[in-house]
Amino acid sequence: MNIINELFGVEGKRVLVTGGSRGIGRSIAEGFVKGGARVYICARDAALCEEVAQSLRAHGHCVAMPGDLSSAEGRKTLAEELGRHEKALDVLVNNAGALWAAPIAEYPEAGWDKVFDLNVKGTFFLVQALLPMLQSAATAENPARIINVGSINAIRIPKHETYAYTASKAALHNLTRHLASQLAPRHITANVLAPGLFPSKMQQASIRDKGMDALVEPIPLRRMADAADMAGTAIYLASRAGSYLTGAVVPVCGGFSTL
């Protein structure tokens, strides 16, 4: 085996990517599929979830498991369905998330609850539901991995009024560090991938209104993150090369966090 495969190979790993039907989640799922992993994607839109899984199957193994992870029933159903396919889970990528923007005087409690129910509460209880499968995969030499997709907005406060989102991602970062501490004796690592600007669906309006040049001007590397940045970082965290890293927040932001 050459050194690249030895350090960064993910072939045969069993991987679940939530929010895997578009944007960052799809980029990560595609990277793992092309790397030879057995990938399962979850998203609320069942038709889109299956469509994306079918597309990714052109490159390898990918199964759609649609569901709403903001509810206890949705998390239970996903864990049971995954258990029918695999006896263990090597990598859990918690990417599913919600965002709500509104002026402070108009910010609704319902929006706050929606964001926290998925971004923080949903993540914790999905980890809880899948803990037996993660432990079944974990060894001292090859830990099971939890990769939580946070945000640069948890490190550097944005100008837009996304109060619950920013707070939820900061909570997720700290939750991840807490999980890392508690789960290390069980040989399970937990890390955060914290993206900066990415050309996701929610950024399309900003790109259209402000233009790409204006959006990337404050970023030291002068570009948005792309699919390779997301997939590459997740694969590193899931690979042998990343097996001794836990409790870390990895800002994939082109240097924006340094400003």
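Above: the structure in question.
Analysis parameters
Residues numbered from 1 in each chain as written. Predicted model: local features only at pLDDT ≥ 70, side-chain atom pairs only at ≥ 80, totals over all residues. Heavy atoms only, no water. Patch = residues over 30% accessible without salt bridge, like charges linked within 9 Å, V, L, I, M, F, W, Y side chains within 5 Å. Areas by Shrake-Rupley, 256 points an atom, 1.4 Å probe, with all protein chains shown as cover. Salt bridge = Lys/Arg side-chain N within 4 Å of Asp/Glu carboxyl O. Lys, Arg positive; Asp, Glu negative; His and termini not counted. Charge placed at Lys NZ, Arg CZ, Asp CG, Glu CD. Helix = DSSP H or I, 4+ residues; strand = E, 2+ residues; numbered from the N terminus. Buried < 20%, exposed > 50% of the residue type's maximum accessible area, 1.4 Å probe, protein only. Expected span 1.5 Å × (residues − 1). Bend = angle between axes of the 7 residues up to and from the residue. Pairing = 2+ DSSP bridges. Axes fitted to C-alpha atoms, helices over the stretch in contact; angles between N-to-C directions. Contact = heavy atoms within 4.5 Å. Polar contact = N/O pair within 3.5 Å; in protein donor to acceptor, adjacent residues only side chain to side chain.

Enquirer: Could you give an account of a positive patch on the surface, naming the residues involved and the relevant values?
Expert: Among the surface-exposed residues, Arg22, Arg44, Lys114 and Lys201 lie close enough to one another that they form a single positively charged patch. Positionally, Lys114 belongs in helix α5 (residues 109-137). Assessed through its relative accessible area of 41%, Lys114 is described here as partly exposed.

Enquirer: Explain α5 residue by residue, including any values.
Expert: Over its 29 residues, α5 extends 39 Å from the first C-alpha to the last, a length consistent with the 42 Å expected when each residue adds 1.5 Å. In α5, a bend of some 55 degrees at Leu130 exceeds every other bend along the element, and Pro132, a proline, comes one to four places later.

Enquirer: Please set out the sheet that holds strand β6 (residues 188-195) residue by residue, giving values where relevant.
Expert: A sheet is described by the order of its strands in space; here seven strands give the open sequence β3-β2-β1-β4-β5-β6-β7, paired in parallel fashion. Each of the sheet's edge strands pairs with one partner strand only, and the pair in question is β3 (61-64) and β7 (249-252). Looking at each pair of strands side by side, their axes are set apart by 20 degrees on average, direction ignored. Looking at chain direction, strand β5 (residues 144-149) and β6 are connected through six bridges and run parallel. Considered in β6, the bridge of Ile147 is made with Asn191. Docked against the sheet, α5 engages β1 (14-18), β4 (91-94), β5 and β6, running at close to 165 degrees with respect to β4. Relative to the sheet, helix α6 (residues 163-183) contacts β5, β6 and β7, its axis offset from that of β6 by approximately 160 degrees.

Enquirer: Hey, could you go over unusual backbone geometry for me, with residue numbers and the actual values?
Expert: Non-glycine residue His187 carries a positive phi angle of around 65 degrees. Inspection of the secondary structure puts His187 in the loop between α6 and β6. Using a relative accessible area of 33% as the deciding quantity, one classes His187 as partly exposed. Unusually for a residue other than glycine, Arg222 sits at a positive phi of about 60 degrees.

Enquirer: Outline a nonpolar patch on the surface, listing residues and values.
Expert: Residues Ile3, Ile4, Leu7, Phe8 and Tyr236 make up a contiguous nonpolar surface patch of roughly 430 Å² in combined accessible area. At four residues, helix α1 (residues 3-8) tops the list of elements feeding residues into the nonpolar patch. Here Leu7 lies in helix α1. Overall, the relative accessible area of 30% leaves Leu7 in the partly exposed class.

Enquirer: Tell me about the side chain of Asn94, and name the residues and values.
Expert: One can find Asn94 in strand β4. Take Asn94: its relative accessible area is 4%, and that puts it in the buried class. A polar side-chain atom of Asn94 sits 2.8 Å from a polar atom in the side chain of Asn148. Not counting chain neighbours up to four residues away, the residues in contact with Asn94 comprise Thr18, Thr123, Leu126, Val127, Ile146, Ile147, Asn148 and Val149.

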